[in-house]
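Spelled out, the chains give:
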Amino acid sequence: MAIKIYGRLSSANVQKINWFCEYANISVINLNYGGVHGKTQTTEFKEMNPNSRVPVLDDNNFILYESNAILRYLSKKFDILVEDKLEISGKIDQWIDWGSFTFASPCSLLTAHKLSLPQDLRDELIADKAKNDILSLLKILNNHLAKQDFIVHEKFSLADIPLGIWCHRCTNLGISFDTLTNINNWYLKLSKMNSFQKIVASSPLPPN
Ligand SMILES: N[C@@H](CCC(=O)N[C@@H](CS)C(=O)NCC(=O)O)C(=O)O
């Protein structure tokens, strides 16, 4: 039976799961929850995720939330992009966590103040500060990518998925990689992947 993902495809955290599933050839049914679709404050949804956030995975009645946990669960379940070497899997975890705990915060803030919030609640100063924070973090990523073609070692790994999605969001928000050559080269490689084109590049923008 196809797995179900509760979550709108405009959400970066939902796109992580859908991109992985497309890459791994796993069938997914997406149910539009969150953003303009709402329904995350209902009792039924809160029983699955009391935080009222998307994505939520329903794998034959096994319920899981937190996008990175879902990503790791599916990777192990289908044995796709699993890394056995301790040091490499440690680095993959490091960059997945950096994506969520460090990079995602200003990206989400800029998304909110440029796209998601109603016009009267958007604040240019908050948006400008978030953009500057993103640019500082992109320098860290750009320096890191001077050493290798992908986030961890020389091939595509689970760590490329969240960071690829947040960098795609940056392009949606008018941030260019023209002076960030290493990110530009890496992002170009990702954007040529069929799975990226089918899911990430064609996803609607928040809050749709
Ligand atoms: N740490 C959570 C964050 C989830 C999250 O913040 N999701 C956002 C979308 S990217 C959300 O649910 N926003 C409210 C909404 O869509 O209604 C995860 O990685 O799954």
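Residues numbered from 1 in each chain as written. Predicted model: local features only at pLDDT ≥ 70, side-chain atom pairs only at ≥ 80, totals over all residues. Heavy atoms only, no water.

**Things to note about the domain arrangement of the protein**
(1) Moving on: We note that the domain assignment places domain 1 (3-78) and domain 2 (86-194) within the protein.
(2) Moving on: Contacts between the two partners involve 13 residues from domain 1, matched on the other side by 15 residues from domain 2.
(3) Moving on: The junction of domain 1 with domain 2 conceals about 1300 Å² of combined surface from both sides, 69% of it contributed by carbon and sulfur atoms.
(4) Moving on: Note that D97 is salt-bridged to R72, the shortest N-O span being 3.6 Å.
(5) Moving on: Linking domain 1 to domain 2 there are three residue pairs in polar contact (both at pLDDT 80 or more).
(6) Moving on: Elements represented by at least two residues in the side of domain 1 that touches domain 2 include exactly α1 (12-24) and α3 (67-78).
(7) Moving on: Among the elements that line the side of domain 1 that touches domain 2, the one with the most residues is α1, at seven residues.
(8) Moving on: Its residues placed into classes, the side of domain 1 that touches domain 2 shows five nonpolar, six polar and two charged. (Domains from an automatic or database assignment. Contact = heavy atoms within 4.5 Å. Buried area = accessible area lost by both parts, 1.4 Å probe. Salt bridge = Lys/Arg side-chain N within 4 Å of Asp/Glu carboxyl O. Polar contact = N/O pair within 3.5 Å; in protein donor to acceptor, adjacent residues only side chain to side chain. Helix = DSSP H or I, 4+ residues; strand = E, 2+ residues; numbered from the N terminus. Nonpolar A, V, L, I, M, F, W, Y, C, P; charged D, E, K, R; others polar.)

**A short note on unusual backbone geometry**
Residues other than glycine predominantly adopt negative phi, and peptide bonds predominantly adopt the trans conformation.
(1) Moving on: Here the residue pair V54 and P55 is connected by a cis peptide bond, since its omega of 5 degrees sits within 30 degrees of zero.
(2) Moving on: With respect to the helices and strands, the residue P55 is situated in the loop between α2 (43-48) and β3 (56-59).
(3) Moving on: Residue P207 follows P206 across a cis peptide bond; omega there is 5 degrees.
(4) Moving on: Counting through the fold element by element, P207 comes out in the segment after α8 (194-201).
(5) Moving on: Of note in the backbone geometry, K39 takes a positive phi value of approximately 70 degrees without being a glycine.
(6) Moving on: Looking at the element boundaries, K39 is found in the loop between β2 (28-31) and α2.
(7) Moving on: Non-glycine residue N61 carries a positive phi angle of around 80 degrees.
(8) Moving on: Locating N61 in the fold gives a position in the loop between β3 and β4 (62-65).
(9) Moving on: Looking at N61, the relative accessible area reads 67%, which means it is exposed. (Buried < 20%, exposed > 50% of the residue type's maximum accessible area, 1.4 Å probe, protein only.)

**Things to note about the site of the ligand**
(1) Moving on: Lining the immediate surroundings of the ligand are R8, S11, N13, G34, G35, R53, V54, P55, E66 and S67.
(2) Moving on: With respect to the ligand, the side chain of R8 contributes an N or O atom lying 2.7 Å from an oxygen atom.
(3) Moving on: For the ligand, an oxygen atom lies 2.6 Å from a polar atom in the side chain of S67.
(4) Moving on: Its free accessible area being 500 Å², the ligand has 76% of it covered by the protein chains. (Near = heavy atom within 4 Å. Areas by Shrake-Rupley, 256 points an atom, 1.4 Å probe, with all protein chains shown as cover.)

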